[in-house]
Amino acid sequence: MSCRTLLKGFTMLIAGWAIATSTHHADGEVIGGSGRFIRITKTDGTVNPSDANRFHIGEVEALSFYGGNDLALSSLGAVGSTISGTPQHGADSALVSGVVNTGGSTWSRQNPLPIVAQVDLGQSRDLASIRVWQRGDGCCQNRLESFTIDLYADDGGGGLGALVASQNVPGQVPTNSFTEFTLPIAGVNPGTVGTIGNDDIPGIQQNLVNSPVTVSGASIVRVEQNLNDFFQVAELQVFEDGS
């Protein structure tokens, strides 16, 4: 194996000071997509009255802002739970199993509305998007309709905190597919720290060229590998714009 192949599949993140473009936390963390708890709530069954009081979810994915990896996995400390709804079949752990479930393994709950599923990511995470999947066998697809996806912060003590972002899904999710909530990532508070630019480097790099990311006032550059593989960096250079 050539040592050159060790520098591949990574993301370069540039952090420092920037002017936020929307509401931000005083501590300057990346916001809009920064949260711990995901709640998925069915409140209306009028689109498909025959299954108005039933709700199923094949899988929940919480895609990282840093490289797009799924963070809603039990192997990473995520925990699924039922906040309200009577169990029909499928364990709460099916929400964070890492596979799109089928048949009786699918998380499925019924009466009364609202029916609420929750995924606790185990800690606050910076997310790019949240995906909610249909069950993967084509059955009963009308049960996944008319719901909201809410992302909540940690309250500082490990409990449910403030609502960070919310999206309503008014219709039915496509068969054997998913709906995706792309989170409104904002900037950072001036004078504090957060991510203000990134550049994905997907392939093997023999000579890393200049990144197209241009920022002002940055103070930290972080290089993260997105692959389950060896990783090496011989030198990291950051050049000041002399114009």
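Our subject is the structure that appears above.
First things first, this report covers the structure right here in the doc. (Residues numbered from 1 in each chain as written. Predicted model: local features only at pLDDT ≥ 70, side-chain atom pairs only at ≥ 80, totals over all residues. Heavy atoms only, no water.)

## Points about the side chain of Asn142
Next, step 1: When you line up the elements, Asn142 lands in the loop between strand S8 (115–133) and strand S9 (145–154).
Next, step 2: Ignoring sequence-local partners within four residues, the contact set of Asn142 consists of Asn48, Ser50, Asp51 and Gln172. (Helix = DSSP H or I, 4+ residues; strand = E, 2+ residues; numbered from the N terminus. Contact = heavy atoms within 4.5 Å.)

## Some words on the nonpolar core
Next, step 1: Of all hydrophobic cores here, the largest spans 28 residues; its most connected members are Ile38, Ile57, Val119, Ile130 and Phe147.
Next, step 2: Within the residue set of this core, elements represented by two or more residues are strand S2 (34–42), strand S3 (54–57), strand S4 (59–64), S8, S9 and strand S10 (160–172).
Next, step 3: Top contributing element to this core by residue count: S8, with seven residues. (Core = buried A, V, L, I, M, F, W, Y, C linked by side-chain atoms within 4.5 Å. Buried < 20%, exposed > 50% of the residue type's maximum accessible area, 1.4 Å probe, protein only.)

## Some thoughts on unusual backbone geometry
Next, step 1: In this structure, Pro112 follows Asn111 across a cis peptide bond, with omega equal to -15°.
Next, step 2: Summarising the element assignment, Pro112 is placed in the loop between strand S7 (107–110) and S8.
Next, step 3: Note the cis peptide between Leu113 and Pro114, where omega equals -5°.
Next, step 4: Mapped onto the elements, Pro114 comes out in the loop between S7 and S8.
Next, step 5: Unusually for a residue other than glycine, Ser146 sits at a positive phi of about 55°.
Next, step 6: Here Ser146 lies in strand S9.
Next, step 7: You will see that Asn176, though not glycine, has its phi angle at about 55°, which is positive.

## Comments concerning the state of the cysteines
Next, step 1: Counted under the stated rule, the structure contains one disulfide.
Next, step 2: Through a disulfide, Cys139 is tied to Cys140; the S-S separation comes to 2.4 Å. (Disulfide = S-S within 2.5 Å.)

## A look at the sheet that holds strand S6 (residues 86–89)
Next, step 1: Pairing is antiparallel in the open sheet, where three strands are placed in the order S3-S7-S6. Each edge of the open sheet is held by one strand with a lone partner, namely S3 and S6. Within this sheet the neighbouring strands show an average axis-to-axis angle of 30°, counted without direction.
Next, step 2: As judged from the four bridges shared by S3 and S7, these two strands associate in the antiparallel manner. Within S7, the residue paired with Phe55 across the bridge is Arg109. (Pairing = 2+ DSSP bridges. Axes fitted to C-alpha atoms, helices over the stretch in contact; angles between N-to-C directions.)

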